Amino acid sequence: MSDRKISVLLPCYNQARYLPQAIESVLSQQNADWELLISDDASTDNSAEIIRAYAARDPRIRFHLQSPNLGMAANWNWCLLHATGRYVKFLFGDDYHCAPDALAALSHALESHPAATLATSARLIVGEDSQTRSIAGDLGGDGLKPGGPTIVRCLLSGKNLIGEPSAAMFRRDAARRGFDPTYRQLIDLEFWAHLLEQGDLAYVSRPLCAFRRHDEQQTAVNRRTRAGEEEGLRLQLKYLPLVQRHLATGGSPHEVRQALFRSLYFVRKTRIRCNESHADERALMRELNPVWYAAYWLRHRLTKPFANLHKATRRQPSAARHP
């Protein structure tokens, strides 16, 4: 049994192409006391061969080859259950740390802010070739962000401002519930909200990890099936008391109404929905009310052509540079 301070958890499935870069980015970490636990979810490529080779080289690496396949959420929770460190850091098999002090910086952020249950950083968005496409960092400067208001910021923006699991580190004691397996697309945001109900967020504004976008990743699959629309509705309803408190303390009514409209509008575009989703829709509609929904629907229809034109205009310079 390891007594390392940080457990780096690497769940993977058919990611042999990227695994060496992910594992090497852990091995290169400086000034951090870590263990690496790899759980391969019954891959059919040569992931097991790669994992065994690395584990033979470094005693800090533990691994398990699942059989049969657990599925994404169950594999994440298996990793979490077997973590031993005081702090937990996920790193997916197709992502990697882009700074040699990523673990040290995030653990220092948690140690510097005892009220924080979660720490995260800006991150690079990269493609299959590991070339940087953009930098994501939406939480401002370094420091402590209050938990409840951070949840509200995510809900009102309709975005996971905290980042993907590879970007974050959290206290293991605050995470014993694990990930909610009823979520697929927003499973990480729901988990961040669960942690931030218990404490605050420590933020590092420079990129410490790289999140890779490619067609095979689960996020891309979920986006094609619109899996996140119903989940967004569920989260809005679950944390409605926080949003109402935000309003009562001077928050913008327009910003709140716009967020509620967005959740309702996009879930209504989902063709196949469960009964629970219809019940959530009715509950959220009562909060917004049909008159405001109609007003925001009209606003959306009137402004959509201009928004599309703006997006097309932003893409044109890039196309010109790469004929």
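Residue numbers here run from 1 along each chain, matching the order of that chain's written sequence. Residue-level local features of this predicted model are given only where pLDDT is at least 70; pairs of side-chain atoms are given and counted only at 80 or more, and the full residue set underlies all totals for whole chains, interfaces and linings. Side-chain numbers come from the whole structure's heavy atoms, not from hydrogens or water.

Draft legend 1. Summary view of the overall build of the protein. Secondary structure elements follow DSSP: runs of H or I of four or more residues count as helices, runs of E of two or more count as strands, with numbering from the N terminus. Looking only at helices and strands, one finds 12 helices and 10 strands in the protein. For the radius of gyration, the atom set is restricted to C-alpha positions; the globular benchmark scales as 2.2 Å times the number of residues to the power 0.38. The C-alpha radius of gyration computed for the protein amounts to 21 Å, which stays within 12% of the reference 20 Å derived for 323 residues, consistent with globular compactness. Reported as C-alpha extents along the three principal axes, the dimensions of the protein are approximately 65 × 50 × 40 Å. Burial classification: accessible surface area is computed with a 1.4 Å probe over protein chains only, and a residue below 20% of its type maximum counts as buried, one above 50% as exposed, and the rest as partly exposed. Within the span of the protein, comprising 323 residues, buried residues form 50% of the whole. Considering only residue pairs separated by 6 or more positions, the protein has 82% of its internal contacts joining residues 24 or more positions apart. Where accessible areas are quoted, they stem from the Shrake-Rupley method and a 1.4 Å probe; at the residue level, only the protein chains shown are allowed to cover. Split by element, the accessible area of the protein, about 15,800 Å² in all, is 53% carbon and sulfur. Throughout, a residue-residue contact means that at least one pair of heavy atoms, one from each residue, lies within 4.5 Å.

Draft legend 2. Here's a closer look at unusual backbone geometry. Cis peptide bonds are those with omega within 30 degrees of zero, and the linkage from S67 to P68 qualifies with 0°. By the secondary structure assignment, P68 is in the loop between β3 (61–65) and α3 (72–81). Phi at N14 takes a positive value of approximately 50°, unusual for a residue other than glycine. Note that N14 resides in the loop between β1 (6–12) and α1 (19–27).

Draft legend 3. Broad picture of the environment of R153. Secondary-structure assignment places R153 in helix α5 (residues 147–157). Each C-alpha atom of the pair R153 and V243 lies 9.2 Å from the other, and the pair is 90 residues apart in sequence. Beyond its immediate sequence surroundings of up to four residues, R153 is in contact with D138, L139 and L161. In protein, a polar contact means a hydrogen-donor-capable atom and an acceptor-capable atom, both N or O and within 3.5 Å, with residues adjacent in sequence counting only if both atoms are side-chain atoms; elsewhere, any N or O pair within 3.5 Å suffices. One polar contact links the side chain of R153 to the main-chain carbonyl oxygen of D138, over a distance of 3.0 Å.

Draft legend 4. Region of the structure containing helix α6 (residues 187–196). Across the 10 residues of α6, 10 count as buried, placing the element largely inside the fold. Looking at α6, one finds that the buried residues are I187, D188, L189, E190, F191, W192, A193, H194, L195 and L196.

Draft legend 5. Quick peek at the nonpolar core. In these notes, a set of buried Ala, Val, Leu, Ile, Met, Phe, Trp, Tyr and Cys residues joined through side-chain atoms within 4.5 Å is what counts as a nonpolar core. Counting residues in each nonpolar core, the largest one holds 54 residues, and the members touching the most others are F90, L118 and F170. Apart from the residues within four sequence positions on either side, F170 is in contact with L80, R86, Y87, V88, F90, L110, T117, L118, A175, F191, W192 and L195.

Draft legend 6. How the structure looks around the packing of aromatic side chains. The aromatic pairing rule takes the rings of Phe, Tyr and Trp, using the six-membered ring of Trp, and pairs them if the centres are within 6.5 Å, calling planes under 30 degrees apart stacked, those over 60 edge-to-face and the rest tilted. Applying the stated criterion across every chain yields a total of 14 aromatic pairs. Seen from their ring centres, W292 and Y296 are 6.0 Å apart, and the 50° between their planes marks the pair as tilted. Placement of both W292 and Y296 in helix α12 (residues 290–321) is noted, with a separation of 4 residues, approximately one turn of the helix. The class of W292 is partly exposed, set by a relative accessible area of 35%. Under the relative-accessibility criterion, Y296 is labelled buried at 6%. Chaining the aromatic ring pairs together yields one cluster made of W76, F90, F92, F170, F179, F191 and W192. For the cation-ring pair, R234 lies above Y183, with the distance from its terminal atom to the ring centre recorded as 4.0 Å. Above the face of the W292 ring, R257 is positioned so that its terminal group lies 3.7 Å from the ring centre. Whether a charge lies above a ring is judged from NZ of Lys or CZ of Arg, which has to be within 6 Å of the ring centre and within 35 degrees of the ring normal.

Draft legend 7. Geometry of the pattern of salt bridges. Any carboxyl oxygen of Asp or Glu that lies within 4 Å of a side-chain nitrogen of Lys or Arg is treated as forming a salt bridge with it. Under the criterion given, the structure shown has 14 salt bridges. The salt bridge partner of R133 is D129, with a shortest N-O separation of 3.2 Å. Here the residues in one salt-bridge network are K5, R86 and E111, joined through shared partners.

Draft legend 8. The arrangement of the packing of α5 against helix α9 (residues 240–248) in detail. Look at α5 against α9: their axes get within 10 Å of each other, and the N-to-C directions meet at 100°. One finds that α5 runs roughly perpendicular with respect to α9. Contacts between α5 and α9 involve G148, I151, V152, L155 and L156 from the first element and L242, V243 and H246 from the second. Amino acids are sorted into nonpolar (Ala, Val, Leu, Ile, Met, Phe, Trp, Tyr, Cys and Pro), charged (Asp, Glu, Lys and Arg) and polar (every other residue, Gly among them). A breakdown of the residues in the contact of α5 with α9 according to their chemical character gives 6 nonpolar, 2 polar and no charged. Axes here mean lines fitted to C-alpha atoms, for a helix over just the part in contact, with angles spanning 0 to 180 degrees between N-to-C directions. Here is the rule for angles: anything less than 35 degrees is roughly parallel, anything more than 145 is roughly antiparallel, 65 through 115 is roughly perpendicular, and the remaining ranges are oblique.

By themselves, these are just geometric observations and shouldn't be taken as functional.
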